[in-house]
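# Notes for the structure review
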Amino acid sequence: MGSVEIRGITREFARDDGEQVIALSDVSLSIADDEFTSFVGPSGCGKTTLLRIIAGLDKASAGEIRVDGSLITSPDQKVGMVFQEYSLFPWRNVLRNVAFGLEMQGIPKEERYALARNYISLVGLSQFEQSYPYELSGGMRQRVAIARALATDPDLLLMDEPFGALDAQTRNHMQCELLDIWEKKKKTILFVTHSCDEAVFLSDRVVVLSPRPGRIRDIIPIPIPRPRDRTNAEFINLRRDILAMIENEEREEERIKCKSGYL
(Lines give C-alpha, C1' and ligand atoms only; values in the text may rest on other atoms or scores of the structure.)
Protein backbone atom coordinates (compact mmCIF):
# COMPACT_ATOMS: atom_id res chain seq x y z
CA MET A 1 0.00 0.00 0.00
CA GLY A 2 1.03 3.62 -0.37
CA SER A 3 -0.05 4.76 -3.84
CA VAL A 4 -0.37 8.53 -4.18
CA GLU A 5 -2.47 10.63 -6.56
CA ILE A 6 -1.54 14.31 -6.77
CA ARG A 7 -4.23 16.01 -8.82
CA GLY A 8 -4.04 19.62 -9.99
CA ILE A 9 -2.41 20.98 -6.84
CA THR A 10 -2.17 24.78 -6.74
CA ARG A 11 -1.13 26.76 -3.68
CA GLU A 12 -1.51 30.53 -3.42
CA PHE A 13 -0.84 32.66 -0.36
CA ALA A 14 -0.68 36.33 0.55
CA ARG A 15 2.60 37.91 1.64
CA ASP A 16 2.79 40.41 4.48
CA ASP A 17 2.59 43.25 1.94
CA GLY A 18 -0.65 41.81 0.55
CA GLU A 19 0.82 40.54 -2.73
CA GLN A 20 -0.52 37.15 -3.86
CA VAL A 21 2.18 34.53 -4.44
CA ILE A 22 1.62 31.29 -6.35
CA ALA A 23 3.89 28.66 -4.82
CA LEU A 24 2.61 25.70 -6.86
CA SER A 25 0.59 25.62 -10.05
CA ASP A 26 -1.44 22.63 -11.33
CA VAL A 27 0.91 19.87 -10.13
CA SER A 28 -0.32 16.37 -11.02
CA LEU A 29 1.53 13.09 -10.50
CA SER A 30 0.78 9.42 -9.85
CA ILE A 31 3.11 7.45 -7.56
CA ALA A 32 2.94 3.67 -7.29
CA ASP A 33 3.03 1.50 -4.18
CA ASP A 34 6.55 1.12 -2.73
CA GLU A 35 8.04 3.66 -5.15
CA PHE A 36 10.92 5.89 -4.04
CA THR A 37 10.42 9.31 -5.66
CA SER A 38 12.58 12.39 -5.13
CA PHE A 39 11.67 16.02 -5.80
CA VAL A 40 14.36 18.48 -6.84
CA GLY A 41 14.31 22.03 -8.15
CA PRO A 42 15.47 25.59 -7.48
CA SER A 43 15.10 27.09 -4.01
CA GLY A 44 11.58 28.39 -3.49
CA CYS A 45 9.99 26.15 -6.13
CA GLY A 46 7.48 24.66 -3.69
CA LYS A 47 9.03 21.27 -2.87
CA THR A 48 8.43 21.53 0.87
CA THR A 49 5.01 23.12 0.35
CA LEU A 50 3.96 20.15 -1.79
CA LEU A 51 5.16 17.69 0.85
CA ARG A 52 3.27 19.57 3.58
CA ILE A 53 0.07 19.44 1.50
CA ILE A 54 0.50 15.69 0.99
CA ALA A 55 1.04 15.33 4.76
CA GLY A 56 -2.16 17.26 5.49
CA LEU A 57 -0.17 20.00 7.26
CA ASP A 58 -1.05 22.64 4.65
CA LYS A 59 -4.08 23.08 2.42
CA ALA A 60 -4.02 23.44 -1.34
CA SER A 61 -5.84 26.34 -2.97
CA ALA A 62 -7.01 23.91 -5.66
CA GLY A 63 -6.63 20.21 -6.39
CA GLU A 64 -6.53 17.15 -4.17
CA ILE A 65 -4.27 14.49 -2.70
CA ARG A 66 -5.28 10.85 -2.34
CA VAL A 67 -3.29 8.13 -0.58
CA ASP A 68 -4.52 4.61 -1.33
CA GLY A 69 -7.65 6.28 -2.69
CA SER A 70 -8.41 8.21 0.51
CA LEU A 71 -8.64 12.00 0.31
CA ILE A 72 -6.07 13.76 2.52
CA THR A 73 -7.37 16.95 4.13
CA SER A 74 -5.57 16.79 7.51
CA PRO A 75 -2.78 14.74 9.12
CA ASP A 76 -3.47 11.04 8.65
CA GLN A 77 -2.06 7.82 10.13
CA LYS A 78 -1.42 6.62 6.58
CA VAL A 79 1.27 9.31 6.22
CA GLY A 80 4.48 9.72 8.24
CA MET A 81 6.90 12.63 7.91
CA VAL A 82 10.59 13.19 8.69
CA PHE A 83 11.87 16.78 8.81
CA GLN A 84 15.39 18.14 8.35
CA GLU A 85 15.56 19.47 11.92
CA TYR A 86 14.77 16.05 13.54
CA SER A 87 11.87 17.44 15.66
CA LEU A 88 12.66 15.18 18.62
CA PHE A 89 11.45 15.94 22.13
CA PRO A 90 14.56 16.85 24.15
CA TRP A 91 12.96 15.70 27.43
CA ARG A 92 12.22 12.20 26.08
CA ASN A 93 14.83 9.49 25.64
CA VAL A 94 15.14 7.55 22.37
CA LEU A 95 12.63 4.88 23.42
CA ARG A 96 9.98 7.40 24.46
CA ASN A 97 10.56 9.56 21.37
CA VAL A 98 10.04 6.61 19.04
CA ALA A 99 6.98 5.48 21.01
CA PHE A 100 5.36 8.92 20.93
CA GLY A 101 3.09 8.35 17.90
CA LEU A 102 1.98 4.99 19.30
CA GLU A 103 1.20 6.69 22.63
CA MET A 104 -0.98 9.22 20.80
CA GLN A 105 -2.84 6.30 19.21
CA GLY A 106 -3.64 4.95 22.66
CA ILE A 107 -1.54 1.80 22.39
CA PRO A 108 -0.77 0.36 25.86
CA LYS A 109 2.67 1.10 27.28
CA GLU A 110 4.11 -2.41 27.13
CA GLU A 111 2.95 -2.94 23.55
CA ARG A 112 4.12 0.45 22.28
CA TYR A 113 7.55 0.06 23.88
CA ALA A 114 7.92 -3.39 22.28
CA LEU A 115 7.03 -1.92 18.87
CA ALA A 116 9.35 1.05 19.42
CA ARG A 117 12.24 -1.26 20.30
CA ASN A 118 11.76 -3.14 17.01
CA TYR A 119 12.21 0.09 15.04
CA ILE A 120 15.09 1.28 17.22
CA SER A 121 16.80 -2.01 16.39
CA LEU A 122 15.99 -1.53 12.70
CA VAL A 123 17.92 1.77 12.65
CA GLY A 124 20.80 0.29 14.67
CA LEU A 125 20.31 2.19 17.93
CA SER A 126 19.37 -0.55 20.41
CA GLN A 127 22.26 0.42 22.69
CA PHE A 128 21.00 4.02 22.86
CA GLU A 129 17.32 3.62 23.73
CA GLN A 130 17.82 5.32 27.12
CA SER A 131 19.88 8.18 25.64
CA TYR A 132 18.51 11.69 25.16
CA PRO A 133 18.75 13.66 21.88
CA TYR A 134 21.53 15.95 23.17
CA GLU A 135 23.69 12.84 23.72
CA LEU A 136 23.41 11.72 20.08
CA SER A 137 25.15 12.78 16.87
CA GLY A 138 23.17 14.40 14.05
CA GLY A 139 23.02 11.15 12.11
CA MET A 140 21.81 9.24 15.17
CA ARG A 141 19.11 11.83 15.88
CA GLN A 142 17.88 11.50 12.32
CA ARG A 143 17.75 7.72 12.69
CA VAL A 144 15.55 8.22 15.75
CA ALA A 145 13.27 10.51 13.72
CA ILE A 146 13.01 7.86 10.97
CA ALA A 147 12.26 5.13 13.53
CA ARG A 148 9.54 7.32 15.09
CA ALA A 149 7.94 7.94 11.70
CA LEU A 150 8.02 4.21 10.84
CA ALA A 151 6.75 3.01 14.23
CA THR A 152 3.15 3.97 13.45
CA ASP A 153 3.40 1.84 10.25
CA PRO A 154 2.39 4.52 7.70
CA ASP A 155 1.77 3.52 4.09
CA LEU A 156 3.58 6.65 2.89
CA LEU A 157 6.76 8.22 4.30
CA LEU A 158 7.51 11.87 3.46
CA MET A 159 11.07 13.12 3.96
CA ASP A 160 11.92 16.83 3.72
CA GLU A 161 15.69 17.18 3.21
CA PRO A 162 16.30 14.78 6.11
CA PHE A 163 20.07 14.61 5.58
CA GLY A 164 20.66 18.23 4.58
CA ALA A 165 22.32 19.19 7.88
CA LEU A 166 24.71 16.22 7.97
CA ASP A 167 28.34 16.12 6.86
CA ALA A 168 29.06 14.40 3.53
CA GLN A 169 30.31 11.12 4.99
CA THR A 170 27.39 10.76 7.42
CA ARG A 171 24.96 11.76 4.69
CA ASN A 172 26.20 9.04 2.34
CA HIS A 173 26.00 6.50 5.15
CA MET A 174 22.43 7.54 6.01
CA GLN A 175 21.40 7.25 2.36
CA CYS A 176 22.54 3.61 2.33
CA GLU A 177 20.77 2.95 5.63
CA LEU A 178 17.56 4.50 4.32
CA LEU A 179 17.62 2.28 1.23
CA ASP A 180 18.18 -0.76 3.44
CA ILE A 181 15.16 0.19 5.58
CA TRP A 182 13.06 0.93 2.47
CA GLU A 183 13.86 -2.48 0.98
CA LYS A 184 12.97 -4.22 4.26
CA LYS A 185 9.75 -2.34 5.03
CA LYS A 186 8.54 -1.62 1.47
CA LYS A 187 7.13 1.83 2.10
CA THR A 188 6.35 4.45 -0.52
CA ILE A 189 8.81 7.31 0.03
CA LEU A 190 8.59 10.88 -1.25
CA PHE A 191 11.91 12.62 -0.68
CA VAL A 192 12.72 16.33 -1.06
CA THR A 193 16.38 17.22 -1.63
CA HIS A 194 18.57 19.95 -3.09
CA SER A 195 21.17 17.35 -4.07
CA CYS A 196 20.93 15.84 -7.55
CA ASP A 197 23.52 13.26 -6.50
CA GLU A 198 21.32 12.16 -3.58
CA ALA A 199 18.22 12.03 -5.77
CA VAL A 200 19.89 9.82 -8.40
CA PHE A 201 21.42 7.56 -5.75
CA LEU A 202 18.14 6.93 -3.94
CA SER A 203 15.26 7.16 -6.36
CA ASP A 204 13.19 5.18 -8.83
CA ARG A 205 12.16 8.50 -10.37
CA VAL A 206 13.28 12.10 -9.94
CA VAL A 207 10.67 14.84 -10.35
CA VAL A 208 12.15 18.18 -11.41
CA LEU A 209 10.12 21.25 -10.45
CA SER A 210 10.35 24.63 -12.18
CA PRO A 211 11.03 27.93 -10.39
CA ARG A 212 8.02 29.45 -8.64
CA PRO A 213 5.28 28.90 -9.39
CA GLY A 214 6.37 25.27 -9.09
CA ARG A 215 5.28 23.06 -11.96
CA ILE A 216 6.58 19.66 -13.02
CA ARG A 217 9.38 20.42 -15.46
CA ASP A 218 10.26 16.77 -16.12
CA ILE A 219 10.14 13.28 -14.57
CA ILE A 220 13.39 11.32 -14.91
CA PRO A 221 13.35 7.51 -14.44
CA ILE A 222 16.52 6.13 -12.82
CA PRO A 223 17.06 2.69 -14.40
CA ILE A 224 20.41 1.94 -12.70
CA PRO A 225 20.29 -1.25 -10.59
CA ARG A 226 20.89 -0.89 -6.83
CA PRO A 227 23.31 -0.65 -5.11
CA ARG A 228 24.42 2.26 -7.28
CA ASP A 229 27.97 3.30 -8.02
CA ARG A 230 28.34 7.10 -8.03
CA THR A 231 31.35 6.78 -10.38
CA ASN A 232 29.32 4.87 -12.98
CA ALA A 233 29.07 6.77 -16.29
CA GLU A 234 25.27 6.46 -16.46
CA PHE A 235 24.97 7.77 -12.88
CA ILE A 236 27.24 10.73 -13.65
CA ASN A 237 25.34 11.56 -16.86
CA LEU A 238 21.94 11.47 -15.13
CA ARG A 239 23.18 13.65 -12.29
CA ARG A 240 24.69 16.13 -14.76
CA ASP A 241 21.54 16.28 -16.89
CA ILE A 242 19.24 16.91 -13.91
CA LEU A 243 21.56 19.59 -12.52
CA ALA A 244 21.78 21.28 -15.93
CA MET A 245 17.98 21.27 -16.18
CA ILE A 246 17.66 23.03 -12.80
CA GLU A 247 20.41 25.55 -13.63
CA ASN A 248 18.79 26.34 -16.99
CA GLU A 249 15.46 26.95 -15.25
CA GLU A 250 17.15 29.29 -12.76
CA ARG A 251 18.88 31.25 -15.55
CA GLU A 252 15.61 31.57 -17.45
CA GLU A 253 13.86 32.83 -14.31
CA GLU A 254 16.55 35.47 -13.81
CA ARG A 255 16.30 36.54 -17.46
CA ILE A 256 12.52 36.97 -17.17
CA LYS A 257 12.85 38.95 -13.93
CA CYS A 258 15.51 41.18 -15.45
CA LYS A 259 13.38 41.80 -18.54
CA SER A 260 10.39 42.60 -16.30
CA GLY A 261 12.38 45.06 -14.25
CA TYR A 262 12.54 42.98 -11.04
CA LEU A 263 16.35 42.84 -11.09
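Rules behind the numbers
- Each residue is numbered by its place in its chain's sequence as written, counting from 1.
- It should be noted that, the model being predicted, local features are given only for residues of pLDDT at least 70 and side-chain atom pairs only at 80 or more, the latter also being counted only at that level, while totals for whole chains, interfaces and linings use all residues.
- Side-chain descriptors were evaluated using all non-hydrogen atoms of the structure, hydrogens and water having been removed beforehand.
- We count a stretch as a helix when DSSP gives it H or I for four or more residues in a row; a strand needs E for two or more, and each element gets its number in order from the N terminus.
- Contacts: residue pairs with any heavy atoms within 4.5 Å of one another.
- Strand pairing is assigned whenever DSSP identifies at least 2 bridges connecting the two strands.
- Throughout this description, the term salt bridge denotes a Lys or Arg side-chain nitrogen within 4 Å of a carboxyl oxygen of Asp or Glu.
- Each residue is placed in one exposure class: buried if its accessible area under a 1.4 Å probe, protein chains only, is under 20% of its type's maximum, exposed if it is over 50%, and partly exposed if it falls in between.
- Helix axes are fitted only over the stretch in contact, all axes being lines through C-alpha atoms; the angle between N-to-C directions runs from 0 to 180 degrees.
- For classification, angles of less than 35 degrees are called roughly parallel, those exceeding 145 degrees roughly antiparallel, those between 65 and 115 degrees roughly perpendicular, and all remaining angles oblique.
- Whether a crossing is left-handed or right-handed is set by the direction in which the near helix is turned from the far one by less than a right angle, anticlockwise for left-handed and clockwise for right-handed.
- When the strands point away from the viewer and the path from the first strand over the helix to the second turns clockwise, the crossover is right-handed.

Moving on, we get to the environment of L190. Structurally, L190 is set in strand β8 (residues 188-192). Discounting residues that sit within four places of it in the chain, L190 has contacts with I31, T37, F39, L51, I54, L156, L157, L158 and M159.

Of the pairings in the sheet, the one linking strand β9 (residues 205-209) to strand β10 (residues 216-221) comprises five bridges and is antiparallel in character. Paired with V206 across the two strands is I220, which belongs to β10. From the end of β9 to the start of β10, which pair antiparallel, there are six residues.

Bringing the pattern of salt bridges into the picture now. Across all of its chains, the model carries 18 salt bridges by this definition. We note a salt bridge from K78 to D68, for which the minimum N-O separation is 4.0 Å. Taken together, the positions of K78 in the loop between β5 (70-71) and β6 (79-82) and D68 in the loop between β4 (62-67) and β5 put the pair 10 residues apart, joining distant regions of the chain. K187 is the salt-bridge partner of D153, the closest N and O atoms lying 2.4 Å from each other. With D153 in the loop between α5 (138-151) and β7 (156-160) and K187 in the loop between α6 (168-185) and β8, this pair connects stretches of sequence that are 34 residues apart. For D153, a relative accessible area of 48% translates into the label partly exposed.

What follows concerns the sheet that holds strand β2 (residues 20-31). The strand order β2-β1-β4-β5 describes an open sheet built from four strands, whose pairing is antiparallel. Two strands lie at the open edges of the sheet, namely β2 and β5, each paired on one side alone. Relative to β4, strand β1 (residues 4-14) is paired through five bridges, and the arrangement is antiparallel. Its bridge partner lying in β4, I6 is registered against I65. Lying over the sheet, helix α1 (residues 47-55) contacts β1, β2 and β4, oriented at roughly 115° with respect to β1.

Here F13 shows up in strand β1. When the C-alpha atoms of F13 and P211 are compared, they prove to be 16 Å apart, with 198 residues separating the residues in sequence. Among all residues touching F13, those that are not within four sequence positions of it are E19, Q20, V21 and A23.

Okay, the side chain of Q142 next. Its location among the elements puts Q142 in helix α5. With residues near it in sequence (within four places) discarded, Q142 still touches V82, F83, Q84, Y86, P162, F163 and M174.

Moving on, we get to the packing of helix α4 (residues 109-122) against α5. The geometry of a pair of packed helices is captured by two quantities: the angle between their axes and the separation between those axes. Two elements in contact, α4 and α5, have axes whose closest approach is 9 Å; the angle formed by their N-to-C orientations is 135°. The angle between the axes of α4 and α5 places the two elements in the oblique class. Pair α4 / α5 crosses with right-handed handedness. Packed against α4, whose contacting residues are Y119, I120 and L122, the element α5 presents A147, L150 and A151 at the interface.

This next bit is on the pairing of β7. Regular strands have side chains that alternate between both faces of the sheet. The element β7 is extensively covered by neighbouring structure, given that five of its five residues are classed as buried. Going residue by residue along β7, you find L156, L158 and D160 tucked away on one face and L157 and M159 tucked away on the opposite face as well. The pairing of β6 with β7 spans four bridges and is parallel. From the neighbouring strand, V82 faces β7, where its bridge partner is M159. Pairing analysis gives five bridges linking β7 to β8, with the strands arranged parallel. Paired with D160 across the bridge in β8 is V192. In this view, the connection linking β7 to its parallel neighbour β8 by way of α6 has right-handed handedness.

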